[in-house]
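One letter stands for each residue in the lines below.
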Amino acid sequence: MTGTERILKWWQDRRLVRPSAKEPNFVDFTRALFRIAGVEGFEGGAESRRIERLIGEGEHYIFVVVDGMGTSLLEKAPVGGFLRSHVACEVQAVCPATTASALVTLATGEWPARHGS
């Protein structure tokens, strides 16, 4: 089995999550934050607008990055604890799912293939 075939099988078996612009993702989240903050020029799709509505109106916002905090780690958090009880929706990571790619996406509102990191 080639490397490509192995990765395709992992996507099929859901051992890896295939990145998709059709699912709520980190780019949608970033663009929702940009629009809430009044940054112009960042149109978002339906998922971005949904995330924007989930965040809602506020006078101040606090955004915390927890590097490596995937849903598998969140599932290990205490039931009824702050993190698990405040999940509004799940978003897919960018691909590659590295800190560098995600932080540049956070700064630019673009997919890694666009920003090049």
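In short, a report on the structure.

We now examine the overall build of the protein. Looking only at helices and strands, one finds seven helices and zero strands in the protein. N-terminal to C-terminal, the α/β element order of the protein is α-α-α-α-α-α-α. Considering only C-alpha atoms, the protein reaches an extent of 55 × 40 × 25 Å along its principal axes. Residues classed as buried in the protein amount to 22% of the 117 residues present. When contacts within the protein are restricted to residue pairs at least 6 apart in sequence, long-range pairs at least 24 apart make up 51% of them. When the accessible surface of the protein is summed, it comes to about 8,500 Å², and 56% of that surface belongs to carbon and sulfur atoms. Charged side chains of the protein number 14 positive and 14 negative; the gap between the two group centres comes to 8 Å.

Most of helix α2 (residues 26–36) is tucked away, with nine of its eleven residues classed as buried. Residues of α2 that are buried include every one of Phe 26, Val 27, Asp 28, Phe 29, Thr 30, Arg 31, Ala 32, Phe 34 and Arg 35, and no others. Next to the buried residues of α2 lie α3 (46–55) and α6 (99–108). At the N-terminal end of α2, a side-chain oxygen is found 3.0 Å from the backbone nitrogen of Val 27, two or three residues along, and the residue is Asn 25. Gly 38 sits one or two positions beyond α2 and adopts a positive phi of about 90 degrees.

Procedures and definitions
Residues numbered from 1 in each chain as written. Predicted model: local features only at pLDDT ≥ 70, side-chain atom pairs only at ≥ 80, totals over all residues. Heavy atoms only, no water. Helix = DSSP H or I, 4+ residues; strand = E, 2+ residues; numbered from the N terminus. Buried < 20%, exposed > 50% of the residue type's maximum accessible area, 1.4 Å probe, protein only. Contact = heavy atoms within 4.5 Å. Areas by Shrake-Rupley, 256 points an atom, 1.4 Å probe, with all protein chains shown as cover. Lys, Arg positive; Asp, Glu negative; His and termini not counted. Charge placed at Lys NZ, Arg CZ, Asp CG, Glu CD. Polar contact = N/O pair within 3.5 Å; in protein donor to acceptor, adjacent residues only side chain to side chain.

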